[in-house]
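Summary of the model geometry
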Amino acid sequence: MDDVKGHFIVFEGIDGSGKTTQINLLKRRIEENNFLCHITQEPTGRPVGSLLRDCLAGRVKTDEFTLAALFAADRLDHILNDDDGLLKQLKEGISVISDRYILSTYAYQSVRVPFNWVMDLNSMAARKLKPDCHIFIDTKPDTALMRISEGRKGKELFENKKRLTEVRDRYFELFRLLKDTENIIIVDGTKNIHEISDIIWENVSKYFTSA
């Protein structure tokens, strides 16, 4: 969009891939270069996102089709709401880093529901806001699950080896499908934290160089 002044960077990966650490490191580097930066995530903390979190935690029972629809609704609210929506911040010149966006829904939900239907659900969001880049931190499911077990007590709905393996495979199918239309940066998650951070910065620093 012509009136968007900030940059929109999305982090993707299976649960336990180390996104949170890298998001915080990138925010610090962006701010060190005198750019405003905001971190957000999906599901959001807004009403639909809060319901989604209850579903993922098992506090509310639902089906996979309803989950996919809720993710799409939460995403539109994330983009369009007047309080702290993505478009509002980007138009104000604030760069935004999001922990998950449309590719997460494509990868996670299309394992159980038709892919074309999931794409249709998210077609409005895809037209409203396209990321400057998607950063995918590639981590094997066994490593991810070990990190999850060390980091917190409970697991969410999709945090099992079978589902994470299916999701990781689906991500790579998506990358092949979208390679000509989306800017996707794949980073080896087995490298150490600082190596990963440096690789990410090498790919995005061009957005944060003052003219």
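Basis of the calculations
- Residues numbered from 1 in each chain as written.
- Predicted model: local features only at pLDDT ≥ 70, side-chain atom pairs only at ≥ 80, totals over all residues.
- Heavy atoms only, no water.
- Helix = DSSP H or I, 4+ residues; strand = E, 2+ residues; numbered from the N terminus.
- Rg over C-alpha atoms; globule rule 2.2 N^0.38 Å.
- Buried < 20%, exposed > 50% of the residue type's maximum accessible area, 1.4 Å probe, protein only.
- Contact = heavy atoms within 4.5 Å.
- Lys, Arg positive; Asp, Glu negative; His and termini not counted.
- Charge placed at Lys NZ, Arg CZ, Asp CG, Glu CD.
- Core = buried A, V, L, I, M, F, W, Y, C linked by side-chain atoms within 4.5 Å.
- Expected span 1.5 Å × (residues − 1).
- Arc of directions from axis to C-beta.
- Polar contact = N/O pair within 3.5 Å; in protein donor to acceptor, adjacent residues only side chain to side chain.
- Salt bridge = Lys/Arg side-chain N within 4 Å of Asp/Glu carboxyl O.
- Pairing = 2+ DSSP bridges.
- Axes fitted to C-alpha atoms, helices over the stretch in contact; angles between N-to-C directions.

**A word on the overall build of the chain**
Along its length, the chain carries 10 helices and five strands. Expected size for 211 residues packed as a compact globule is a radius of gyration near 17 Å; at 17 Å, the chain falls within 12% of this value. If one aligns the C-alpha atoms of the chain with their principal axes, the spans along those axes are about 50 × 40 × 35 Å. Put simply, the chain has 211 residues, and 46% of those count as buried. The contacts of the chain with a sequence gap of at least 6 include a subset with a gap of at least 24, amounting to 77%. The average position of the 31 basic charges and that of the 33 acidic charges among the side chains of the chain differ by 3 Å.

**Focus: the nonpolar core**
Judged by nonpolar contacts, the single largest core of 31 residues is most densely connected at F8, Y101, L129 and Y171. Per element, the largest residue contribution to this core is six residues, and it comes from helix α9 (residues 161-178). Setting aside residues up to four positions removed in sequence, L129 forms contacts with F8, I79, L86, L87, L90 and Y101. Grouped together as the second largest cluster of nonpolar side chains are 18 residues, I23, C37, I196 and Y207 included.

**Quick notes on helix α10 (residues 193-204)**
Spanning 12 residues, α10 covers 17 Å between terminal C-alpha atoms, matching the ideal 16 Å at 1.5 Å per step. Those residues of α10 that fall on the buried side of the exposure criterion are I196, S197, I200, W201 and V204. Down the axis, α10 shows its buried residues gathered within 135° of arc, on one side only. Residues of α10 that are exposed and point more than 90 degrees away from the buried face comprise H194 and E202. Residues of α10 that are buried make contact with β1 (8-12), α1 (19-32), β4 (133-138) and β5 (184-188). Of the residues flanking the start of α10, the one acting as N-cap is N192, its side-chain oxygen 3.0 Å from the backbone nitrogen of H194.

**What about unusual backbone geometry?**
The omega angle of the peptide bond from E42 to P43 is 0°, so this bond is cis rather than trans. By secondary structure assignment, the location of P43 is in the loop between β2 (37-41) and α2 (47-56). A positive phi angle, near 65°, is found at N34, a position not held by glycine. Relative to the assigned elements, N34 resides in the loop between α1 and β2. Residues other than glycine seldom take positive phi values, yet R100 does so here, at roughly 90°. Mapped onto the elements, R100 comes out in the loop between β3 (95-99) and α5 (102-109).

**A closer look at the pattern of salt bridges**
Taken as a whole and assessed by the stated rule, the structure comprises 17 salt bridges. For the salt bridge of R46 with D77, the shortest nitrogen-to-oxygen distance reads 2.5 Å. With a gap of 31 residues between them, R46 in the loop between β2 and α2 and D77 in helix α3 (residues 64-80) connect regions that are remote in the sequence. Take D77: its relative accessible area is 21%, and that puts it in the partly exposed class. Three or more residues joined by partner-sharing salt bridges are found here, namely E12, D15 and R100.

**Remarks on the sheet that holds β5**
Strand order in the open sheet formed by five strands is β2-β3-β1-β4-β5, with parallel pairing between adjacent strands. Only two strands of the sheet have a single neighbouring strand rather than two, namely β2 and β5. When the angles between neighbouring strand axes are averaged without regard to direction, this sheet yields 20°. Sitting on the sheet, α9 touches β1, β4 and β5, and the angle it makes with β4 is about 145°.

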